[in-house]
Amino acid sequence: MPPLAIEARNVGVRFGSFQAVSELDLDIAGGSIHAVIGPNGAGKTTLFNALSGVRPPDTGTVLLAGRDVTRLPANRRVHLGMARSFQVTNIFPELTVAENIRVGVQATTGFTPWVFWRSPSRTPGEHDKVLQLLETVGLADRAGTRAGDLSHGAQRALEIGMALASDPRVVFLDEPLAGMGIDDVHRTKILIRSLAPQRTVVLIEHNMSVVLDISDRITVLAQGVKIAEGTPAEIRNDERVKEAYLGSSA
Ligand SMILES: Nc1ncnc2c1ncn2[C@@H]1O[C@H](COP(=O)(O)OP(=O)(O)OP(=O)(O)O)[C@@H](O)[C@H]1O
Ligand SMILES: [Mg+2]
């Protein structure tokens, strides 16, 4: 069995008296695509923030490839191979597509400690790396375009490219398909699937057909609590999951 990329135990996040995530255990297998789904306000983004260091949890522990990173800030985790994209698009609109990617690459090439589980791939020059990332996310022909002028779908793809710029072993994507048209959804779905098994992908996404199609495993949250977990086939037929979704959309 491959080692766990993420191992979270008893994770809890509170906002004042409101418990947004409660006593959550989560195992994410290395090289898998693991989706976290649930109704609006279920605590998915809060959980991502806790796992990725944007807002550390109030209780519990988070291990990244076996190492305790619970209290490590997000910027320090990048050097350990963790990266994330955000629910709200987070690009530099005035810069070109290539410049956005370059910013991501430069953010990590300044200091690269030797990490034993990092892929032993050659380290290409910065220019090559930018081109390669543009190719990966399907934006090679838009390299000189101002990022703010891209379609929404292309901006989301660019954001994935920026998250990949640090060559992460684990990448968190918060609703990468949100607001995309059908063509972009299809393209991005193939892109996300292609990231594993070289990388571990943790994905929040409301598009159920895509989630069921590309995930190896799915965790379902409702009101800050894990209500189900399993393979797509198991989740598709889970009564609690159907209830949580019908309950929220009624
Ligand atoms: N900074 C904060 N302060 C107070 N409450 C917050 C804060 N961030 C989130 N919450 C609350 O915590 C709960 C979970 O929010 P979260 O954003 O994690 O949900 P989500 O599952 O990502 O929802 P969505 O699918 O709408 O993105 C919500 O009730 C939200 O209002
Ligand atoms: Mg969210």
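Each value, and the rule that gives it
Residues numbered from 1 in each chain as written. Chains lettered and ligands numbered in written order. Predicted model: local features only at pLDDT ≥ 70, side-chain atom pairs only at ≥ 80, totals over all residues. Near = placed C-beta within 6 Å. Helix = DSSP H or I, 4+ residues; strand = E, 2+ residues; numbered from the N terminus. Nonpolar A, V, L, I, M, F, W, Y, C, P; charged D, E, K, R; others polar. Expected span 1.5 Å × (residues − 1). Buried ≥ 20, exposed ≤ 12 C-beta atoms within 10 Å, placed from the backbone. Contact = placed C-beta atoms within 7 Å. Pairing = 2+ DSSP bridges. Core = buried A, V, L, I, M, F, W, Y, C linked by C-beta atoms within 7 Å. Axes fitted to C-alpha atoms, helices over the stretch in contact; angles between N-to-C directions.

**Side note on the site of ligand 1**
Turning to step 1, where the next piece is worked out: Surveying the vicinity of ligand 1 reveals the residues Phe15, Phe18, Ala20, Gly38, Asn40, Gly41, Ala42, Gly43, Lys44, Thr45, Thr46 and Gln87.
Turning to step 2, where the next piece is worked out: Those elements that provide at least two residues to the shell around ligand 1 are strand E2 (18-29) and helix H1 (44-52).
Turning to step 3, where the next piece is worked out: For the shell around ligand 1, the class distribution of residues is 4 nonpolar, 7 polar and 1 charged.

**Regarding helix H5 (residues 152-164)**
Turning to step 1, where the next piece is worked out: In this model H5 runs 19 Å from its N-terminal to its C-terminal C-alpha over 13 residues, within 8% of the 18 Å that 1.5 Å per residue would give.
Turning to step 2, where the next piece is worked out: For H5, the buried fraction is high: 12 of the 13 residues fall into the buried class.
Turning to step 3, where the next piece is worked out: When we look at burial in H5, the residues that qualify are Gly153, Ala154, Gln155, Arg156, Ala157, Leu158, Glu159, Ile160, Gly161, Met162, Ala163 and Leu164.

**Section: the environment of serine 22**
Turning to step 1, where the next piece is worked out: Mapped onto the elements of the fold, serine 22 is located in strand E2.
Turning to step 2, where the next piece is worked out: The exposure class assigned to serine 22 is partly exposed, which follows from the 18 C-beta atoms found within 10 Å.
Turning to step 3, where the next piece is worked out: With 202 residues separating them in the primary sequence, serine 22 and glycine 224 have C-alpha atoms 5.5 Å apart.
Turning to step 4, where the next piece is worked out: When near neighbours in sequence (up to four residues on either side) are disregarded, serine 22 contacts Gly12, Gly224 and Val225.

**Focus on the pairing of strand E6 (residues 82-85)**
Turning to step 1, where the next piece is worked out: Residues Met82 and Arg84 point to one face of E6 and Ala83 and Ser85 to the other, with burial holding for every one of them.
Turning to step 2, where the next piece is worked out: In this sheet, strand E7 (residues 170-174) lies alongside E6 in parallel orientation, the contact comprising 4 bridges. Paired with alanine 83 across the bridge in E7 is valine 171.

**Describing the nonpolar core**
Turning to step 1, where the next piece is worked out: Counting residues in hydrophobic clusters, the biggest one holds 68 residues, and the most contacted among them are Ile6, Ile101, Leu158 and Val171.
Turning to step 2, where the next piece is worked out: If near-sequence neighbours (up to four positions away) are discounted, isoleucine 101 is found in contact with Val130, Leu133, Leu134, Gly161, Met162 and Ala165.

**Points about the sheet that holds E6**
Turning to step 1, where the next piece is worked out: The sheet built from 6 strands is open, its strands ordered E6-E7-E8-E3-E9-E10 with mixed pairing. With one partner strand each, in any of the chains shown, E6 and strand E10 (225-230) form the two edges of the open sheet. Recorded for the sheet is a direction-independent mean angle of 15° between the axes of neighbouring strands.
Turning to step 2, where the next piece is worked out: As defined by bridge partners, strand E9 (residues 217-222) adjoins E10 across 5 bridges and the pair is classed as antiparallel. Following the sheet pairing, valine 220 is matched in E10 by alanine 228.
Turning to step 3, where the next piece is worked out: Packing of helix H6 (residues 182-195) onto the sheet brings it into contact with strand E3 (33-37), E7 and strand E8 (200-204), and relative to E8 it is tilted by some 140°.

**So, the sheet that holds strand E5 (residues 67-68)**
Turning to step 1, where the next piece is worked out: Strand order across the open sheet formed by 4 strands is E2-E1-E4-E5, with antiparallel pairing between neighbours. Because the sheet does not close on itself, it has two edges, and the strands there are E2 and E5.
Turning to step 2, where the next piece is worked out: Strand direction decides the pairing type here: strand E4 (residues 59-64) and E5, joined by 2 bridges, are antiparallel. Paired with leucine 64 across the bridge in E5 is arginine 67.

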